[in-house]
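Chains, contacts and geometry: an overview
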Amino acid sequence: MSNLLEGKSALILGVANRWSLAYAIAEAFRREGARLILTYQSDRQKLTVESLAADLAADRVLACDVTQDQDVDRLVAEIKAGGGRLHAVIHSIAFANREDLSRPFVETSRSGFLLAHEVSAYSLVTVARAAAPLMTEGGSITTLSYLGATRVVTNYNVMGVAKAALEAAVRYLASDLGPKKIRVNAISAGPIKTASARAVKDFASVLDFVAQRCPLRRNTEPAEVADTAVFLASDLGRGLTGNILFVDSGFQIMGL
Ligand code: NAP
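Because the structure is predicted, anything quoted here is derived from the model rather than measured.

1. Concerning the packing of aromatic side chains
Counted according to the given criterion, the structure contains two aromatic pairs. Measuring from ring centre to ring centre gives 4.7 Å for Tyr-146 and Tyr-156, while their planes differ by 65°; the resulting arrangement is edge-to-face. Residue Tyr-146 is found in the loop between strand E5 (139-145) and helix H5 (157-177), and its partner Tyr-156 is found in the loop between E5 and H5; the two are separated by ten residues along the sequence. Like Tyr-146, the residue Tyr-156 is buried in the burial classification. A ring pair is formed by Phe-209 and Phe-251, whose centres lie 6.2 Å apart and whose planes are at 75°; its orientation type is edge-to-face. Here Phe-251 lies in the segment after strand E7 (244-247) and Phe-209 lies in helix H7 (residues 203-213), a separation of 42 residues in the sequence. Using a relative accessible area of 40% as the deciding quantity, one classes Phe-209 as partly exposed.

What follows is the structure in structure tokens.
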């Protein structure tokens, strides 16, 4: 432990299970001395996330479906009522209909397109707007993106388009919130086996492809993403905002 986040409070959205990138980030934040507030989407996940939160010695576990404005408002009100200030927010949330991650992109329905964008991109705007007033000493907001934002990745489809919107939102939010000393960045992670990733058809072949061709010749580990999130939330990251940091064993630099 080097206590890089000592004295900081972090709101982490997106812990679903032990394989979630948000869980790895929460573990690393805890290791570095941060106080944690976790969220779960609905009653279906409440007990699981509460049990994970106990393992992480999180201070609080609150409900928040990011598509519901009243949930986001209540989340902020509850943090405020607990006397809470925030120094870091992790937005580790995405969703698209399974059929939109397995058929040609051209067949994406209007409702599937809007759903993916609402949950995976617009939610960063809602969360940033709600959290900013609690970040009275400035702070860091970090989201999770993927190479499919800028390159075509078979079957990633509408999620790639949503990640492009998310990355653009990172830049606009960074510009808006910079004067309040709030930094906004994204980590573009290499493919990692999680519940969300498994929804993408043939995801296992993506893992193999990347491991064979990337400079480090291995897949990305959740702990590598988590340590980068620690860096961004810590004072070491104080000069960075509006960036997309690739934590992907170098895969994104490769051409032929
Ligand atoms: P994950 O464990 O399935 O996490 C996704 C989270 O999003 C879950 O906690 C899920 O909650 C939550 N979520 C979905 N809809 C929500 C809503 N309406 N309100 C609140 N929460 C909602 O998968 P993950 O791979 O760690 O994904 C985390 C982030 O990393 C995502 O943005 C993903 O795109 C990104 N990412 C992943 C990879 C990868 O290969 N795994 C690579 C690059 C980027 P429920 O499960 O309770 O619905």
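What follows picks up the thread again.
2. A few points about the site of the ligand
In the vicinity of the ligand lie 27 residues, with Ser-20, Gln-41, Ile-192, Thr-194 and Ser-196 positioned nearest. Here an oxygen atom of the ligand and a backbone polar atom of Leu-21 are 2.8 Å apart. A distance of 2.7 Å separates an oxygen atom of the ligand from a polar atom in the backbone of Ile-192. Considered on its own, the ligand offers 880 Å² of accessible surface; in the complex 91% of this is hidden by protein. With three residues, the single largest contributor to the shell around the ligand is helix H6 (residues 195-198). Residue composition of the shell around the ligand, by class: 15 nonpolar, ten polar and two charged.

Cut-offs used in this document
- Note that residues are indexed from 1 along each chain, following the sequence as it is written.
- Totals for whole chains, interfaces and linings use every residue, but because this is a predicted model, local features are given only for residues with pLDDT of at least 70 and side-chain atom pairs only at 80 or more, for both listing and counting.
- Hydrogens and water are ignored here; the side-chain numbers use all heavy atoms of the structure.
- Stacked, tilted and edge-to-face pairs are distinguished by plane angle, under 30 degrees for stacked and over 60 for edge-to-face with tilted covering the rest, among Phe, Tyr and Trp rings (Trp via its six-membered ring) whose centres lie within 6.5 Å.
- Only runs of H or I of at least four residues qualify as helices and only runs of E of at least two qualify as strands under DSSP, and these elements are numbered from the N terminus.
- Think of it in three bands: with a 1.4 Å probe and only protein chains considered, a residue is buried below 20% of the maximum accessible area for its type, exposed above 50%, and partly exposed in between.
- If a single non-hydrogen atom of a residue is within 4 Å of a molecule or strand, that residue counts as near it.
- Identification of polar contacts relies on pairs of N or O atoms within 3.5 Å, with a donor-acceptor requirement for protein atoms, meaning one able to donate a hydrogen and the other able to accept it, and with residues adjacent in sequence counted only if both atoms are side-chain atoms.
- Method for areas: the Shrake-Rupley scheme with a 1.4 Å probe, in which residue coverage is limited to the protein chains shown.
- Only Asp, Glu, Lys and Arg are considered charged, only Ala, Val, Leu, Ile, Met, Phe, Trp, Tyr, Cys and Pro nonpolar, and every remaining residue, Gly among them, polar.

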